[in-house]
Amino acid sequence: MAAINIAGEFAGVGTLSGTPEQVRSGLNGLKVEQVVALTIEHGSASAAKALAETVAGLAPLVSAILKRRQDETLNSIVEALVPEVPPPHHKLLEARMVADARKAVLESGDWLTAADVAKMAGFSTSNPSAQPNKWKKERQIFAVRHRGIDYFPGYALDPSTDFRPVKALAKVLSTFQGAKDDWGIAYWFASVNGFLGGNRPQDLLISEPDRVISAAEDEVAGVLHG
């Protein structure tokens with residue numbers, strides 16, 4: 001007969017393995033609150049012992065998982081009971097200003113999806129976003145992200161070169177590197193500019209690219225020294 005194996009306690013967990021009669025006899029001598037029985041229809045005594053020791057080793061993990069779930073449940077209850085804190089008034093005003101500015105930018109010129117750009121430029125329709133996204137990655141053009149979609153500025157595509165990005169734009173983007181994000185660049189292009197005689201940079205990008213580059217350099221110089 002297989003001998004009863006009583007494993008050493010591990011975090012308050014002990015094991016018994018053997019035949020039903022052996023385990024029943026062993027349980028009679030234990031003073032514990034709970035017992036979990038795991039039966040094996042076919043198996044050797046060594047296999048039963050190994051399984052019992054494995055279960056004992058997993059017991060601390062089960063305890064930790066239960067505690068974590070209890071903590072998560074408690075935190076969820078606390079969060080549900082605590083009222084939401086409204087944002088400060090100045091944050092609401094700031095959010096409104098940003099929203100209005102972005103709305104004005106989107107309404108100030110033609111904004112195209114990657115698929116639109118690919119269609120205008122005559123690229124493959126199988127993967128229409130590939131080339132516009134490559135241009136964006138290489139900083140030949142920029143895009144503003146609105147509701148999960150990238151929109152490219154139509155004024156940055158030159159009809160005389162089959163709607164490729166205006167070459168001067170890369171220089172402008174390089175000038176603004178680290179000074180303005182894509183939305184900031186879009187605001188700048190859509191705003192009247194004193195350096196350009198009250199014209200918007202986007203209106204002169206194709207016709208007078210050197211002046212637009214100079215205006216961008218002046219803008220950055222003013223930010224750095226202003």
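Up top is the structure these notes are about.
Cut-off values and rules
Residues numbered from 1 in each chain as written. Predicted model: local features only at pLDDT ≥ 70, side-chain atom pairs only at ≥ 80, totals over all residues. Heavy atoms only, no water. Pairing = 2+ DSSP bridges. Helix = DSSP H or I, 4+ residues; strand = E, 2+ residues; numbered from the N terminus. Phe/Tyr/Trp six-rings, centres within 6.5 Å; stacked < 30°, edge-to-face > 60°. Buried < 20%, exposed > 50% of the residue type's maximum accessible area, 1.4 Å probe, protein only. Lys NZ or Arg CZ within 6 Å of the ring centre and 35° of its normal. Axes fitted to C-alpha atoms, helices over the stretch in contact; angles between N-to-C directions. Parallel < 35°, antiparallel > 145°, perpendicular 65-115°, else oblique. Left-handed = near helix turned anticlockwise from the far one by under 90°. Contact = heavy atoms within 4.5 Å. Nonpolar A, V, L, I, M, F, W, Y, C, P; charged D, E, K, R; others polar. Core = buried A, V, L, I, M, F, W, Y, C linked by side-chain atoms within 4.5 Å.

Asks: Quick question: what am I supposed to make of the sheet that holds strand S3 (residues 111-112) here?
Replies: Sheet strands associate in pairs through backbone hydrogen bonding, adopting either a parallel or an antiparallel arrangement. On the basis of which strands lie adjacent, the open sheet formed by three strands has the order S3-S5-S4 and antiparallel pairing. Of all strands in the sheet, those bounded by a partner on one side alone are S3 and strand S4 (144-146).

Asks: Help me out: how do you make sense of the packing of aromatic side chains in this one?
Replies: As enumerated under the stated definition, the model contains eight aromatic pairs in all. Ring geometry for tryptophan 111 and tyrosine 155: centres 6.1 Å apart, planes at 80°, overall edge-to-face. Residue tryptophan 111 is found in strand S3, and its partner tyrosine 155 is found in the loop between strand S5 (149-153) and strand S6 (157-158); the two are separated by 44 residues along the sequence. The exposure class assigned to tryptophan 111 is buried, which follows from its relative accessible area of 12%. Its relative accessible area of 12% is what places tyrosine 155 among the buried residues. Seen in terms of ring centroids, phenylalanine 123 and tryptophan 135 are 5.6 Å apart; in terms of plane orientation they differ by 65°. Their pairing is edge-to-face. Here phenylalanine 123, found in the loop between helix H4 (114-121) and helix H5 (130-137), pairs with tryptophan 135, found in helix H5; they are twelve residues apart in sequence, far enough to count as distant. Of the aromatic side chains, those joined through ring pairs into one cluster are Trp111, Phe142, Tyr155, Phe176, Trp188 and Phe189. Here the guanidinium or amino end of lysine 180 rests over the ring plane of phenylalanine 176, the centre of that ring lying 5.6 Å away.

Asks: What should I look at first to understand the packing of helix H3 (residues 89-107) against helix H7 (residues 182-190) in this one?
Replies: Relative orientation and spacing of two packed helices are given, respectively, by the angle between their axes and the distance between those axes. Where H3 meets H7, the closest approach of the two axes is 10 Å, and the angle between their N-to-C directions is 60°. Of the possible angle classes, the one that applies to H3 and H7 is oblique. Two packed elements cross with a definite hand, and for H3 against H7 that hand is left-handed. Residues Val98, Ala101, Arg102, Val105 and Leu106 of H3 form the contact with H7, whose participating residues are Trp183, Ala186, Tyr187 and Ala190. Taken together, the residues that form the contact of H3 with H7 break down as eight nonpolar, no polar and one charged.

Asks: I would appreciate a short explanation of the nonpolar core in the present structure.
Replies: One recurring pattern in soluble globular proteins is that nonpolar side chains are buried together. Counting 35 residues, the largest nonpolar core has Trp111, Phe142, Leu169, Val172, Trp188, Phe189 and Leu205 as the members making the most contacts within it. Considering each element in turn, this core owes the most residues, six residues, to H7. Sequence-distant contacts of valine 172, defined by excluding residues within four places in its chain, comprise Trp188, Phe189, Val212, Ile213 and Ala216.

Asks: Looking at this model, I keep getting lost on the packing of helix H6 (residues 167-176) against H7. Mind explaining?
Replies: The N-to-C vectors of H6 and H7 enclose an angle of 120°; their axes lie 11 Å apart at closest approach. Our classification of the angle between H6 and H7 gives oblique. Once H6 is placed against H7, the crossing between them reads as right-handed. Where H6 abuts H7, its residues Leu169, Val172, Leu173 and Phe176 lie against Ile185, Trp188 and Phe189.

Note that every value here comes from positions in space, so none of it alone points to a role or purpose.
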